[in-house]
Amino acid sequence: MQYKITTLSNQCFGLGHYASNETNDQLGTGKIFIPVSAKDSSYALYSEDNGKTFVRLENGDRLDNGVCFEDIKSRKNVPFIRLADGTFMAMSFENAAYNLLFNTKQEKVPYVAAIYRAASIDDIIAGKVETSIVSIDIPELTCGYGDSGNGSSGTVDHIYQLSNGDIFVMMYGQFKDDKILCPYFAQNCGYQFYLYRVWTVVSHDMGYTWEFGTTVADCNTYPIADINAEGYCEPSCIEVEPGHLCAIIRTGGHEVVSPLYCTHSFDYGKTWEAPYEVCSWGVLPKLLLMKDGTLACVSGHEHNFLLFSDDLGKTWSEPYIIEECYGKWGNSPSGYNTIVESAPGEITMIFDDPKEQIAQNAPEGYKRQVYVRTLRIEKLS
């Protein structure tokens, strides 16, 4: 399948990266809110027209309706989803119990998450968010390391509400029988890193109680060719038809180019097909179902790129590089991006790129800049 991609607009918003934790209210107010990380500060990108245009919000900025952006340092920049009742919900990224464990090698590892709720996207912007705590029984969960040397025992990557009303979460980390070591981390970082797996948890009562679902992909069942890959991690999932879920999953590691994989469920996430390769590189894939039925995926790190599918994720196009940049971490894009359909047949892509600052000999931590680029997508064949 072939597509023609035309750039309609492009804007740089200054230093920053990781513009990937969007709160999207396109089904309601048309507002989109995206926190951005930067070396000396943080800010947010904000749209009131479904992503056609964005402005930069600094701490204390006031919107036309009087809402004040409170960029509190301790703010949890998690992506909220809009629930069917019009309210918003998010889940904390990592196991809140991990730092309380006396012995990380204990047999049963508890998982504790924060659930964040807000009445509107305006309340999220203003920091008017309520927090509750839930415990989730993940039977084989163990403690391990993340790819930055951080201790970890499960990470939340995406949260969704399915057409049957369930709140569905994809997670990654290590279970007790994940014993395949990544040589890269032992040789270069001095610690033992066991390859990740992806699993699910689900709530049938709007996020008040949770249960373990199933493993989606693990390296014991579906080995990865490159032993220096990180395993199955950073999954993105979307419901393309009622009960039919399509997921794209990262496997790449530190300075290791390893594929993105795709897998499908046809029973609301209860069981999953074997994963298959769809692109030879990429981190944190993000999926978007366009109004014409085209399924788009954004990813990056080695370049920023898009993939397309015209059959609900069964087959995928070759990658379309939107911004070329290949380099080691720090001299490359983060690859942590956002895409929205800002008009029928048009994608607005939010990404970071370091080339301009590298050309200016910018120091470490001051290289990536955030861009908002709108693209027309036309299928040719």
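The shown structure was predicted, so the numbers you read here are calculated from the model rather than taken from an experiment.

## A closer look at the sheet that holds strand S4 (residues 42-47)
Then, number 1: Pairing is antiparallel across the open sheet formed by 4 strands, whose spatial order is S2-S3-S4-S5. Bordering the open sheet on either side are strand S2 (23-25) and strand S5 (55-57), each of which pairs with just one other strand. Along the sheet, successive strands turn relative to each other by an average axial angle of 25 degrees, direction set aside.
Then, number 2: Both S2 and strand S3 (residues 31-37) contribute to a ladder of 3 bridges, which runs antiparallel. From the neighbouring strand, Asn 24 faces S3, where its bridge partner is Ile 32.

## Structural notes on unusual backbone geometry
Then, number 1: Positive phi, close to 60 degrees, is recorded for Tyr 18, a residue that is not glycine.
Then, number 2: By secondary structure assignment, the location of Tyr 18 is in the loop between strand S1 (3-15) and S2.
Then, number 3: We note that Glu 234 has phi near 45 degrees; this positive angle belongs to a residue other than glycine.
Then, number 4: With respect to the helices and strands, Glu 234 occurs in strand S16 (residues 233-241).

## Here we look at the side chain of His 301
Then, number 1: Along the chain, His 301 turns up in the loop between strand S21 (295-300) and strand S22 (304-309).
Then, number 2: A polar atom in the side chain of His 301 sits 2.9 Å from the side chain of Ser 332.
Then, number 3: From its side chain, His 301 meets the backbone oxygen of Pro 333 in a polar contact 3.2 Å long.
Then, number 4: Aside from chain neighbours lying at most four places away, what touches His 301 is Val 283, Cys 325, Gly 327, Trp 329, Ser 332, Pro 333, Ser 334 and Gly 335.

## Description of the packing of aromatic side chains
Then, number 1: Summed over all chains, the structure comprises 17 aromatic pairs.
Then, number 2: Here Phe 193 and Tyr 196 contribute two aromatic rings whose centre-to-centre distance is 4.9 Å and whose plane-to-plane angle is 85 degrees, an arrangement assigned as edge-to-face. With respect to class, Phe 193 is no different from Tyr 196; both count as buried.
Then, number 3: With 5.8 Å between their ring centres and 65 degrees between their planes, Phe 308 and Tyr 320 make a pair best called edge-to-face. With Phe 308 in strand S22 and Tyr 320 in strand S23 (residues 320-323), this pair connects stretches of sequence that are 12 residues apart.
Then, number 4: In textbook terms, an aromatic cluster arises when at least three aromatic residues are bridged by ring pairs, as seen for Tyr 145, Tyr 172, Tyr 184, Phe 185, Tyr 191, Phe 193 and Tyr 196.
Then, number 5: Above the plane of the ring of Tyr 208 lies Arg 117, whose end atom (NZ or CZ) is 4.1 Å from the centre.
Then, number 6: Looking at Lys 179, its charged tip hangs above the ring of Tyr 194, at a distance of 5.4 Å from the centre.

## Details of the layout of surface pockets
Rolled over the atoms, a probe with the dimensions of a water molecule shows which regions are left empty.
Then, number 1: In this structure, the second largest pocket occupies an estimated 410 Å³ of space.
Then, number 2: What lines the second largest pocket is a set of 16 residues, and nearest its centre among them are Lys 105, Thr 142, Cys 143, Gly 144 and Tyr 194.

## Things to note about the sheet that holds strand S8 (residues 111-118)
Then, number 1: The 4 strands are arranged S6-S7-S8-S9 in an open sheet whose pairing can be described as antiparallel. Edge positions in the sheet fall to strand S6 (81-82) and strand S9 (130-136), since each has one partner strand and no second.
Then, number 2: Direction of pairing for S6 relative to strand S7 (residues 88-91): antiparallel, over a ladder of 2 bridges. By the bridge assignment, Ile 81 is partnered in S7 with Met 89.

## Things to note about the nonpolar core
Then, number 1: If you look at the biggest cluster of nonpolar residues, it comprises 26 residues, and the most contacted ones within it are Phe 168, Met 170, Phe 193, Val 198, Tyr 232, Cys 237 and Trp 272.
Then, number 2: Breaking this core down by element, the ones donating at least two residues are strand S13 (167-173), helix H2 (183-188), strand S15 (211-217), S16 and strand S17 (244-250).
Then, number 3: Setting aside anything within four residues of it in sequence, one finds Phe 193 in contact with Tyr 145, Gly 146, Asp 147, Gln 174, Ile 180, Leu 181, Cys 182, Phe 185 and Glu 230.
Then, number 4: Formed by 24 residues, the second largest nonpolar core is a distinct cluster that contains Ile 81, Val 134, Ile 159 and Ile 167.

Definitions and cut-offs
What you see as residue numbers is a count from 1 along each chain, following the sequence as written. Reporting in this predicted model follows two pLDDT cut-offs: at least 70 for local features of residues, and 80 or more for side-chain atom pairs to be given and counted; totals over whole chains, interfaces and linings ignore these cut-offs and use all residues. In computing side-chain values, all of the structure's heavy atoms are included and hydrogens and water are not. Note on pairing: DSSP must find at least two bridges between two strands before they are called paired. Secondary structure counts use DSSP, requiring at least four H or I residues in a row for a helix and at least two E residues in a row for a strand, with both numbered from the N terminus. Think of each axis as a best-fit line through the C-alpha atoms, taken over the contacting stretch in the case of a helix, with angles from 0 to 180 degrees between the N-to-C directions. Pairs of N or O atoms within 3.5 Å make up the polar contacts considered here, provided that, within protein, one atom can donate a hydrogen while the other can accept it, and that residues adjacent in sequence are counted only when both atoms are side-chain atoms. Residue contacts are counted whenever heavy atoms from the two residues lie within 4.5 Å of one another. Note on aromatic pairs: the rings of Phe, Tyr and Trp (six-membered ring only in Trp) are paired at centre separations within 6.5 Å, and the planes decide the class, stacked below 30 degrees, edge-to-face beyond 60, tilted for the rest. Buried means the residue's accessible area, taken with a 1.4 Å probe over protein chains only, is under 20% of the maximum for its type, while exposed means over 50%, and partly exposed covers the values in between. Definition used: whenever NZ (Lys) or CZ (Arg) falls within 6 Å of the ring centre and also within 35 degrees of the ring normal, the charge is taken to sit over that ring. Here the term cavity refers to a set of points on a 1 Å grid, laid over the protein atoms alone, in which a 1.4 Å probe fits but cannot get out; the term pocket refers to an open set having protein on both sides within 12 Å along at least five of seven lines, with lining residues being those that place an atom within 4 Å of a point. Grid points are joined across faces, edges and corners, and a volume is the space filled by probe spheres set on the points. Nine residue types can take part in a nonpolar core, namely buried Ala, Val, Leu, Ile, Met, Phe, Trp, Tyr and Cys, and a core is a set of them joined through side-chain atoms within 4.5 Å.

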